[in-house]
Structures are given as structure tokens and as C-alpha cells.
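A structural walkthrough
Here's the letter readout for the chains.
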Amino acid sequence: MLVKGAGHGKVTGAKGRTLRGMSTEETSRFVRLRVELVVEIDDEGAVTSAALERIADDPEMPAEEQAHAESAVTEDTAEALAYLVDPFDLVSEVPGVELVQASWSSERIDYDPDSPEWDLDEDDVVEDEEEVAAG
């Protein structure tokens, strides 16, 4: 499984001290947004070709990493999809929001829309049609 993302390490100051912790007031402006998508791929060749093109067009990707990425996307369409989906695109047009950190992955799954495992969470289900009209 390919995991693409930006992380951060522990930041230390002089004499090996860790920088001070942030107060609740300072951290309350950060929000974790979780999104889960299930997509159906109708044309694996198109997805793979688009991923290979994106990799080839990335001037900042070192040659060794590029070769590894090309091999990965050629072998697995889920890997190719991970190269094409960018969480920045989800929030880039939202006013007042800056993407600070992101990680994402893709994997092949067994999907049965009729299975109870794939039911919406109870929070996602509107039980009364009046709620839909009011919403």
C-alpha cells in the first residue's frame, strides 16, 4: 500500500530542549478532517497512464524515487490512484483554510454495497423525510 503524505518530526531548540507545548487556545484552530471514499475504476489503463504522466512531469522527484514510483503505479492501479489524488485539492479553494499536514493511501477492497458493513453511520442517515426538506 502506498502512503503519500507530509509529516513532521520533533522540533528541538538549543541544548536539546523540546519547544514549548501549545496551549488549548493555540491548538483549537486546528481541525482533523477525515474523508473516506470508495471509487470504482472503469479504465485502469487511463488511471495508470495519468499517474505515469504526473510522475514524469514532477521536476522535484529524484530519479531513483521516480523509477520506484513508476514501477509501483504500473503494478497496482490503487497505487496509481494515490499519485493522482491530492488532499490539497479538497481544501485549496476553501477561504480561511490552509492545509498544514496530510497523509493518504489507497488500497483495493472487496466492496459489496448490499453488505451491512457498508451501511452509512447512524449520523449519516436521515430518518424523517421532513428533516430532508428542512435541511
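Just so you know, these numbers come straight off a predicted model, no measurement behind them. Residue positions within a chain follow its written sequence, with the count starting from 1. A pLDDT threshold of at least 70 governs which residues receive local features in this predicted model, and a stricter bar of 80 or more applies before side-chain atom pairs are shown or counted, although totals over entire chains, interfaces and linings include all residues. Side-chain numbers here rest on the full set of heavy atoms in the structure, without hydrogens or water.

Some words on helix α3 (residues 63–75)
Each turn of an α-helix holds 3.6 residues, which means side chains three or four residues apart point in the same direction. Here α3 is 13 residues long and its end C-alpha atoms lie 18 Å apart, about the 18 Å a rise of 1.5 Å per residue gives. The complete set of buried residues in α3 reads A69, A72 and V73. Projected down its long axis, α3 carries its buried residues within an arc of 90°, all on one side. Away from the buried face of α3 by more than 90 degrees, exposed residues A63, E64, T74 and E75 are located. For this analysis, residues touch if any pair of their heavy atoms sits within 4.5 Å. What counts as a helix is a DSSP run of H or I of at least four residues, what counts as a strand is a run of E of at least two, and both are numbered from the N terminus. Next to the buried residues of α3 lie α2 (44–56) and α4 (77–84). What a helix should span is 1.5 Å times the count of its residues minus one. The buried label applies to any residue whose accessible area, calculated with a 1.4 Å probe on protein chains only, is under 20% of its type's maximum; exposed applies above 50%, and partly exposed to all values in between. Taking the helix axis as origin, the arc is that swept by the directions to the C-beta atoms.

A closer look at the packing of α3 against α4
Under this scheme, a helix contributes an axis fitted over its contacting stretch, all axes are lines through C-alpha atoms, and angles between N-to-C directions fall in the 0 to 180 degree range. At their nearest, the axes of α3 and α4 sit 5 Å apart, and the two run at 125° to each other. Put simply, α3 runs oblique to α4. On the side of α3, the interface is formed by A69, A72, V73 and E75, while α4 contributes T77, E79, A80 and Y83. Here the term charged refers only to Asp, Glu, Lys and Arg, the term nonpolar to Ala, Val, Leu, Ile, Met, Phe, Trp, Tyr, Cys and Pro, and the term polar to all other amino acids, Gly among them. Class assignment of the residues belonging to the contact of α3 with α4 gives a composition of five nonpolar, one polar and two charged. Each angle is binned into one of four classes, with values under 35 degrees roughly parallel, values over 145 roughly antiparallel, values of 65 to 115 roughly perpendicular, and all other values oblique.

What to know about the nonpolar core
As used in this record, nonpolar core signifies buried Ala, Val, Leu, Ile, Met, Phe, Trp, Tyr and Cys residues forming a set joined through side-chain atoms within 4.5 Å. If you look at the biggest cluster of nonpolar residues, it comprises eight residues: V47, A51, I55, M61, A69, V73, A80 and Y83. Mapped onto this core, the elements with two or more residues apiece are α2, α3 and α4. In terms of residues, this core owes the most to one element, α2, which gives three residues. The contact partners of A80, leaving out residues within four places of it in the chain, are V47, T48, A51 and V73.

With respect to the pattern of salt bridges
Any two side chains of opposite charge can pair, given that their charged atoms come close. Throughout this description, the term salt bridge denotes a Lys or Arg side-chain nitrogen within 4 Å of a carboxyl oxygen of Asp or Glu. Throughout the structure, instances matching the rule amount to two salt bridges. When the shortest N-O distance is used, the salt bridge between R108 and E44 registers 3.5 Å. A residue pair is termed long-range when its members are at least 10 positions apart, and R108 in the loop between β2 (103–106) and α6 (129–134) and E44 in helix α2 qualify at 64 residues. The exposed category is assigned to R108, whose relative accessible area is 53%. In this structure E44 comes out as partly exposed when scored by relative accessible area, which is 39%.

Topic: the layout of surface pockets
By volume, the largest pocket is sized at about 2000 Å³. Think of a 1 Å grid over the protein atoms and nothing else: a 1.4 Å probe that fits but is trapped marks a cavity, an open set flanked by protein within 12 Å on at least five of seven lines marks a pocket, and residues with an atom within 4 Å of a point count as lining. Contributing to the lining of the largest pocket are 41 residues, with L33, V35, P87, S103 and W104 lying nearest its centre. Elements with a minimum of two residues in the lining of the largest pocket: α4, α5 (87–91) and β2. If one sorts the elements of the lining of the largest pocket by residue count, β2 sits on top with four residues. Of the residues in the lining of the largest pocket, the class split is 25 nonpolar, seven polar and nine charged. Grid points are joined across faces, edges and corners, and a volume is the space filled by probe spheres set on the points.

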